[in-house]
Amino acid sequence: MEFKSKILSKRIQDLIYGQGKTLATAESCTGGRIAEAIIATPGASDFFKGGIISYTNEVKENLLGVSHEVIEEQTAVCEEVAKQMVLGVIKALNVDFAISSTGIAGPAGGTKEIPVGTIWIAYGSKDDIRTFQLTEDFGRDINLAVATNQALQLMLEFLKEQDLNL
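Under an unreviewed UniProt entry, the name given to the protein chain is CinA family protein, and the source organism is Segatella bryantii.

## Let's talk about the overall build of the protein chain
Along its length, the protein chain carries six helices and five strands. Counting from the amino terminus, the protein chain carries its helices and strands in the arrangement α-β-α-β-α-α-α-β-β-β-α. The C-alpha atoms of the protein chain give 15 Å as radius of gyration, which agrees with the globular expectation for 166 residues (15 Å, within 12%). Overall, the C-alpha framework of the protein chain stretches about 45 × 30 × 25 Å when taken along its three principal axes. Put simply, the protein chain has 166 residues, and 49% of those count as buried. Relative to all contacts within the protein chain whose residues are 6 or more apart in sequence, the contacts with residues 24 or more apart total 63%. For the protein chain, the exposed area adds up to about 8,100 Å²; of that, 49% sits on carbon and sulfur atoms.

## As for the sheet that holds strand β2 (residues 48-53)
Spatially, five strands are ordered β2-β1-β3-β4-β5 in an open sheet, and the strand pairing comes out mixed. Two strands close off the open sheet at either side, each with one partner strand: β2 and β5 (128-134). The mean angle between the axes of side-by-side strands here comes to 15 degrees, regardless of whether they run parallel or antiparallel. Where strand β1 (residues 23-27) meets strand β3 (residues 97-103), five bridges bridge the pair, whose relative direction is parallel. Bridging across to β3, L23 finds its partner in F97.

## Observations concerning the pattern of salt bridges
What the rule picks out here adds up to four salt bridges. Its salt-bridge partner being K126, residue D127 comes within 3.4 Å of it at the nearest N-O pair. Here D127 and K126 have matching classes, each one exposed. Here D128 and R130 are joined by a salt bridge, their closest N and O atoms 2.9 Å apart. According to the relative accessible area criterion, R130 is partly exposed, its value standing at 25%. Residues joined by salt bridges that share partners form a network here, namely D128, R130 and E161.

## Points about the UniProt feature "domain: CinA C-terminal" (unreviewed entry) in the protein chain
As annotated in UniProt, the feature "domain: CinA C-terminal" (unreviewed entry) corresponds to residues 8-158 in the numbering used here. Taken end to end, residues 8-158 is 43% helix and 21% strand, and its first and last C-alpha atoms sit 13 Å apart.

## As for a nonpolar patch on the surface
Nonpolar side chains collect at one region of the surface, where F138, I142 and V146 lie side by side and expose about 260 Å² of accessible area between them. Within the element layout of this structure, F138 appears in the loop between β5 and α6 (140-161).

## What to know about the environment of Q19
Following the sequence through the fold, Q19 ends up in the loop between α1 (3-16) and β1. Take Q19: its relative accessible area is 25%, and that puts it in the partly exposed class. In this structure the C-alpha to C-alpha distance between Q19 and T111, which are 92 residues apart in sequence, comes to 43 Å.

## Considerations on the packing of aromatic side chains
Per the counting criterion, the structure on display carries two aromatic pairs. With a centroid separation of 6.0 Å and 75 degrees between ring planes, the pair formed by F97 and F158 is classed as edge-to-face. Of this pair, F97 sits in strand β3 while F158 sits in helix α6, placing them 61 residues apart in sequence. Using a relative accessible area of 1% as the deciding quantity, one classes F158 as buried. On the numbers, 6.2 Å between centres and 85 degrees between planes, the contact of Y123 with F158 is edge-to-face. On the criterion of sequence distance, the pair formed by Y123 in strand β4 (residues 119-125) and F158 in helix α6 is long-range, its members being 35 residues apart.

The rules behind these values
- Residues numbered from 1 in each chain as written.
- Predicted model: local features only at pLDDT ≥ 70, side-chain atom pairs only at ≥ 80, totals over all residues.
- Heavy atoms only, no water.
- Helix = DSSP H or I, 4+ residues; strand = E, 2+ residues; numbered from the N terminus.
- Rg over C-alpha atoms; globule rule 2.2 N^0.38 Å.
- Buried < 20%, exposed > 50% of the residue type's maximum accessible area, 1.4 Å probe, protein only.
- Contact = heavy atoms within 4.5 Å.
- Areas by Shrake-Rupley, 256 points an atom, 1.4 Å probe, with all protein chains shown as cover.
- Pairing = 2+ DSSP bridges.
- Axes fitted to C-alpha atoms, helices over the stretch in contact; angles between N-to-C directions.
- Salt bridge = Lys/Arg side-chain N within 4 Å of Asp/Glu carboxyl O.
- UniProt positions renumbered as here; feature names shortened; annotations may be inferred.
- Patch = residues over 30% accessible without salt bridge, like charges linked within 9 Å, V, L, I, M, F, W, Y side chains within 5 Å.
- Phe/Tyr/Trp six-rings, centres within 6.5 Å; stacked < 30°, edge-to-face > 60°.

Next up, the structure:
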């Protein structure tokens, strides 16, 4: 795991630890890497409830409640699916905050419309979900590392905006 991921995870923990708030992940292309980064910091069990790796559309639909119609119309690699994954894991694991990722890490699987390196990240709370799109292809390993770090950075910035009684 990258040093940067550990630093970002520690900063998230510093904001949320002991606040009675909880976090979860719903990951497709990152396959648990975001959750792994979060639990790398001792004490994560105080706020991190878990994650759902929804690598297939079936899991996205059945466990996270992602709309079959949205997947059919827009594919699983779209902003709306990323948002629905956040809502789904918030509901499934009963947490305050969540991060999701869905995309094409490569080296294959891309299309002209959705090339390799396209990754949607969603993060936030049930009332405020934000998204970010990555579009550069640096190769599978770097794509996944970039997505993980970007997701953690975005969540950190989001948490800094929240009133967590600090």
